[in-house]
Amino acid sequence: MLFLVVAGLVVVIWSIRRHRDPKLAIDCDSPIDELMPSLSGLTQGAVYEGNTVELLEDGAFFEAMFEEIRGATRSVHFETFLWKEGVLGGRLADALIERRNAGVLVRVLVDADGGKKMGEDAARRLREAGCRLELHHPRHVRHIGVFNDRDHRKLAVVDGRVALVGGHCIVDGWLCKAQGRDNVRDIGVRVRGPVVHAVQAAFSENWVEDTGELFVGDAVFPPLAPVGNVAVHVASIKAEGSPPAVKILHHLVVCVARQRIYIQNPYFLPDSEAIDALCTAARRGVDVRVMVPSAEASDMPMVQHAAHRNFHLLLAGGVRIFEYQTCLLHQKVMAVDGTWCAIGSSNFDDRSFEINDEITLGLLDGALAKRLEEIFERDMQECVELDAATWARRGLWHRCKDNALYMFNEVL
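Rules used in this analysis
- Residues numbered from 1 in each chain as written.
- Predicted model: local features only at pLDDT ≥ 70, side-chain atom pairs only at ≥ 80, totals over all residues.
- Heavy atoms only, no water.
- Helix = DSSP H or I, 4+ residues; strand = E, 2+ residues; numbered from the N terminus.
- Expected span 1.5 Å × (residues − 1).
- Buried < 20%, exposed > 50% of the residue type's maximum accessible area, 1.4 Å probe, protein only.
- Arc of directions from axis to C-beta.
- Contact = heavy atoms within 4.5 Å.
- Phe/Tyr/Trp six-rings, centres within 6.5 Å; stacked < 30°, edge-to-face > 60°.
- Axes fitted to C-alpha atoms, helices over the stretch in contact; angles between N-to-C directions.
- Parallel < 35°, antiparallel > 145°, perpendicular 65-115°, else oblique.
- Left-handed = near helix turned anticlockwise from the far one by under 90°.
- Nonpolar A, V, L, I, M, F, W, Y, C, P; charged D, E, K, R; others polar.

Where do I start with helix α6 (residues 196–211) in this structure?
Helical geometry note: an α-helix holds 3.6 residues per turn, so side chains three or four residues apart project in the same direction. The end-to-end C-alpha separation of α6 is 22 Å, in line with the 22 Å expected for 16 residues at 1.5 Å each. Along α6, the residues that are buried comprise Val-196, Ala-198, Val-199, Gln-200, Ala-202, Phe-203, Ser-204, Asn-206 and Trp-207. Of the residues one or two after α6, Gly-212 is the one with positive phi, at around 80°.

So this is what it looks like as C-alpha cells:
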C-alpha cells in the first residue's frame, strides 16, 4: 500500500513538472533589435519606451541607492533575498528609519531564508520606527508547501519614480572595500521612466502575497512621462502551469542571436535544452562566451562543481567558457549582438528558472549592450579560459564531485 502511495506521488510530481517544463522551440529569422514586442509579449510583459538607464558596478550601486533613499519624499520599497548583519545592513536600516521618521512610507520585503542572519537588532529597529518589514515564506507549518519557493529578487523603488535592480545583496562583501576573495563583483542599474511602474508591480506581487495589502495612488504609482530613449521590458511573472518568464526570455534570446552572446552569471547550470540552444547558436557562427567564478572563488563551490558536469558538452559545441579567479563574480547579465542586454537577479539554472521569484530587465540600447561587452572583455583578463582537451583530462576526484553534486542541481 505504501509503495502505491509513493508511486502515485511520484507520478503527480512528474506530471506537474512536465506541464511546467515543456520543450521550448522557435523558428525566427528576425534580428533581436526587431523583436522587443515579441520578447515582452512572450514573457507576459510590455515594452516601455522613453527610459533612462544607468549602469552601476560594484559599490556604486549602493551609493546610488542611498542617494535615492535620502531624497525620498513619499515611499520607499525595498526587496532582497540576502541580508546579513554588518556595516551595509546597519547603514541601510539607518537610511530607511531616517526616511520613516520624516513621514515617508517604508515597506521592506526580505526572503525569510536569505534574511535569517539580518540580525534581530535591525529587524527590531525597523519595526519600532514604523517601517513595514515582512519576511517571505518564513519557517512555519502553514508554509510547508511553498518553503522551497524563495524570493530571489533584489530591487528598490523610490517614490514610484526611480528603480534600482540587479544582483546586489545586503552583505558587506558587496561594498567592494577590499581586494581578494571576500570581495564580490556585481552589476545593477538605476532606471527612470515609465518602466518603473513594471518594477513596482513586481514588488507588489510578493508584498500582496505576504501581507494582503494593496498599495495605490501617486505615492507609489505616479504618472511617469518619458525621460530618455531606452526601451525596456520586465520579465518577472511565474505563471501557474507554464514556464516562468525569466526562463522563456533567456532561452529565446539565445535562439535568435546572430552575432554574439556574452553571459556573466555566478551559478550557471543550464538544462539540456539550454545547452542545445547555446551549442546550436555557436554552430551557426554566433560567438558564445560564458563567464563564471571558479570553484575556488565562488561562495558556493558545490554549485560550480555541479556546473562542471556538463561543461564538456558546451566546449565541444563551440561555447567558450571563462572562469573568473579573483573573487565571486556575481553579476547576472547578458549582452546579445551589441544591441540588446539583460540585467537582473536570475541565475542561469533550474532554481531561478523554475522555482524562485526573479526579475530581469531586457534593455534595447546599443550603448548599454556594448558597455557590458567591454566589461566582459575586461574581466577576461582575470580569467582562465577552459580548453576542451585539457578539461577532458581533469582528475577522477574532480569528475566524481561534479557528477555527485549535479544530482542536486535543481535545489542548489
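Which parts of the structure should I look at to understand helix α5 (residues 120–128)?
Along α5, the positions that sit buried rather than exposed are Ala-122, Ala-123 and Leu-126. Taken down its axis, α5 places every buried residue within 95° of arc, on the same side. Within α5, the exposed residues directed more than 90 degrees away from the buried face are Glu-120 and Glu-128. On the buried face of α5, the contacting elements are α4 (87–101) and β4 (132–136). One or two positions beyond α5, positive phi appears at Gly-130, with a value near 100°.

Before we go on, may I ask you to explain the environment of Leu-135 in this structure?
Along the chain, Leu-135 turns up in strand β4. Judged by its relative accessible area of 30%, Leu-135 falls in the partly exposed class. When the C-alpha atoms of Leu-135 and Glu-67 are compared, they prove to be 25 Å apart, with 68 residues separating the residues in sequence. Excluding its chain neighbours within four sequence positions, the residues that come into contact with Leu-135 are Val-110, Ala-112 and Asp-210.

Quick question: what am I supposed to make of the environment of Asn-206 here?
Locating Asn-206 in the fold gives a position in helix α6. In this structure, the C-alpha to C-alpha distance between Asn-206 and Thr-326, residues 120 residues apart in sequence, is 35 Å. Residue contacts for Asn-206: discarding those within four places in its chain leaves Glu-79, Leu-109, His-136, Asp-151, Arg-153 and Asp-357.

Is there a simple way to think about unusual backbone geometry in this case?
Note on backbone geometry: most residues besides glycine have negative phi, and most peptide bonds are trans. Positive phi values are uncommon outside glycine, yet His-137 reaches one of about 55°. The topology assignment puts His-137 in the loop between β4 and β5 (155–158). What makes His-137 buried here is its relative accessible area of 4%. Despite not being glycine, Asp-337 has its phi angle at roughly 60°, a positive value.

Looking at this structure, I do not really get the packing of aromatic side chains. What am I missing?
Working definition: an aromatic ring pair is given by the centre-to-centre distance plus the angle between the planes. Overall, the coordinates contain ten aromatic pairs when judged by the stated rule. Here the aromatic rings of Phe-268 and Phe-348 are separated by 5.0 Å at their centres, their planes lie at 50°, and the arrangement is tilted. Placement of the pair is Phe-268 in the loop between β10 (260–264) and α8 (272–283) and Phe-348 in the loop between β15 (340–344) and α11 (350–355), with a sequence separation of 80 residues.

Just checking my understanding: could you explain the packing of helix α3 (residues 60–70) against α4 for this structure?
For any two helices packed against each other, the geometry is given by the interaxial angle and the distance between the axes. Where α3 contacts α4, the axes come no closer than 9 Å and their chain directions differ by 20°. Regarding the angle of α3 to α4, the classification is roughly parallel. Between α3 and α4 lies a crossing whose hand is left-handed. Within the contact between the two elements, α3 uses Phe-62, Glu-63, Met-65, Phe-66, Ile-69 and Arg-70 and α4 uses Leu-88, Arg-91, Leu-92, Ala-95, Leu-96 and Arg-99. Among the residues forming the contact of α3 with α4, the class breakdown is eight nonpolar, no polar and four charged.

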